[in-house]
Amino acid sequence: MKKTILSLVAGLFVLTSFSQNKDNNAEKDSILMATAKTDSVMAEKAKKRQEMMAKIEAAVTYPVLEAGTFSGVIPIEDITETPDQNLEYKLLFELVNFNNDSPSDLDASIVEVARIVNLHVASGIPLENIFPVIVVHAGSLNAFTTNEFYNGKFNTDNPNIKLIGELEDLGAKFISCGQAMFIFEVDKNALLPMFKVSLTAQTILSSYQMKGYVKYRINR
């Protein structure tokens, strides 16, 4: 009798273990299938992004400033609405962000400024009618520092200096925020020489808007 009971218990144990193993294997298979599906979806998305980037790179033009693909303009046919070419385009840019993870790359915020200038020119607005003012505060101050300062902080030369100089040649005005300079420890000597220093970006932004400047807050 005892042997029979022990045999039954052993059989139940084997069946239970088999069932658990089967369930565990099914769960593992399910996880593997879900992971494979996710990887496949991600690979497909990456492929589509690459194809789109290749398409954009083949199409873009650079009316004034060339600072990589994202500064370019895609030509459009059959345009039925255009801006007034006789107006003065007073453009106020507020830059705040900086990518500390990619200091050797062109700063995306400055590239966006170049793109907006390119878009205005591509729309038929004469370059002499475009008046950019670039107000810099928060982490974005880093992108506008000298090679010496930049190299000491990020161990690489500042890749933005050439583009900043080209914007200056177009008549762009550069203003830094004194409050941000104190907080982010970027003094006047660390900034590129074309910069004017304000007490705060906030009053400069309000002042220029009251003068009729259109504000772009760039969050790249």
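A quick note: this is a predicted structure, and the numbers were derived from the prediction, not measured.

Trainee: An account of the overall build of the chain is needed here, citing residue identities and associated values.
Mentor: Counting its secondary structure elements, the chain contains six helices and five strands. Listing every helix and strand of the chain by position from the N terminus yields α-β-α-β-α-α-β-α-β-α-β. Considering the chain as a whole, with its 220 residues, one finds that 32% of them fall into the buried category. Sequence-distant contacts in the chain: of pairs separated by 6 or more residues, those separated by 24 or more amount to 68%.

Trainee: Residue-level account of the pattern of salt bridges, with values.
Mentor: Where charged atoms from two side chains of opposite charge come close, those side chains can pair. Scanning all chains against the criterion turns up four salt bridges. Note that Arg-217 and Glu-94 form a salt bridge whose closest N and O atoms lie 3.4 Å from each other. On the criterion of sequence distance, the pair formed by Arg-217 in strand 5 (residues 214-218) and Glu-94 in strand 1 (residues 89-95) is long-range, its members being 123 residues apart. Among the salt bridges present, the one from Glu-112 reaches Arg-115, with a minimum N-O distance of 3.0 Å.

Trainee: Could you give an account of the nonpolar core, naming the residues involved and the relevant values?
Mentor: The biggest cluster of nonpolar side chains holds 46 residues, and the ones touching the most others in it are Ile-134, Phe-144 and Phe-174. Examining the composition of this core, we find that six residues originate from one element, helix 2 (residues 108-122), more than from any other.

Trainee: Outline the packing of aromatic side chains, listing residues and values.
Mentor: What describes a pair of aromatic rings is the distance from one ring centre to the other and the angle between the planes of the rings. Counted according to the given criterion, the structure contains eight aromatic pairs. When the ring of Phe-93 is compared with that of Tyr-216, the centres are 5.3 Å apart and the planes differ by 25°; the resulting orientation is stacked. Of this pair, Phe-93 sits in strand 1 while Tyr-216 is found in strand 5, placing the two residues 123 residues apart along the sequence. Look at Phe-93 and you get buried, because its relative accessible area is 0%. Each residue in the set Phe-98, Tyr-150 and Phe-154 is aromatic and connected to the rest through ring pairs, giving one cluster. A cation sits over an aromatic face here: Lys-211 above Tyr-208, 4.6 Å from the ring centre.

Trainee: Give a description of the side chain of Ser-71 that names residues and reports values.
Mentor: Looking at the element boundaries, Ser-71 is found in the loop between helix 1 (2-59) and strand 1. A polar side-chain atom of Ser-71 sits 2.7 Å from the main-chain carbonyl oxygen of Gly-68. When near neighbours in sequence (up to four residues on either side) are disregarded, Ser-71 contacts Tyr-62, Leu-65, Glu-66, Val-111, Ala-114, Arg-115 and Asn-118.

Trainee: If you had to explain the environment of Gln-209 to someone new, which residues and values would you point to?
Mentor: Of note, Gln-209 is situated in helix 6 (residues 201-210). Judged by relative accessible area, Gln-209 falls into the partly exposed class, the value being 38%.

Trainee: Any chance you could break down unusual backbone geometry for me, citing the residues and the numbers?
Mentor: One non-glycine residue, Asp-78, adopts positive backbone phi at about 55°. One can find Asp-78 in the loop between helix 1 and strand 1. The exposure class of Asp-78 is exposed, given its relative accessible area of 71%. The phi angle at Glu-185 is positive, at roughly 55°, despite the residue not being glycine. Here Glu-185 is to be found in the loop between helix 5 (178-183) and strand 4 (195-198).

Trainee: I'd like a rundown of the environment of Leu-163, residues and numbers included.
Mentor: With respect to the helices and strands, Leu-163 occurs in helix 4 (residues 161-169). Taking the C-alpha atoms as reference points, Leu-163 and Ala-114, 49 residues apart in sequence, are found 8.3 Å from one another. Sequence-distant contacts of Leu-163, that is, excluding residues within four places in its chain, are made with Ala-67, Leu-106, Ile-110, Val-111 and Ala-114.

Trainee: Kindly report on a nonpolar patch on the surface, identifying the contributing residues and their values.
Mentor: A contiguous nonpolar patch, built from Ile-74, Ile-76 and Ile-79 and spanning about 300 Å² of accessible area, is present on the exposed surface. Under the relative-accessibility criterion, Ile-79 is labelled exposed at 53%.

Thresholds applied
Residues numbered from 1 in each chain as written. Predicted model: local features only at pLDDT ≥ 70, side-chain atom pairs only at ≥ 80, totals over all residues. Heavy atoms only, no water. Helix = DSSP H or I, 4+ residues; strand = E, 2+ residues; numbered from the N terminus. Buried < 20%, exposed > 50% of the residue type's maximum accessible area, 1.4 Å probe, protein only. Contact = heavy atoms within 4.5 Å. Salt bridge = Lys/Arg side-chain N within 4 Å of Asp/Glu carboxyl O. Core = buried A, V, L, I, M, F, W, Y, C linked by side-chain atoms within 4.5 Å. Phe/Tyr/Trp six-rings, centres within 6.5 Å; stacked < 30°, edge-to-face > 60°. Lys NZ or Arg CZ within 6 Å of the ring centre and 35° of its normal. Polar contact = N/O pair within 3.5 Å; in protein donor to acceptor, adjacent residues only side chain to side chain. Patch = residues over 30% accessible without salt bridge, like charges linked within 9 Å, V, L, I, M, F, W, Y side chains within 5 Å. Areas by Shrake-Rupley, 256 points an atom, 1.4 Å probe, with all protein chains shown as cover.

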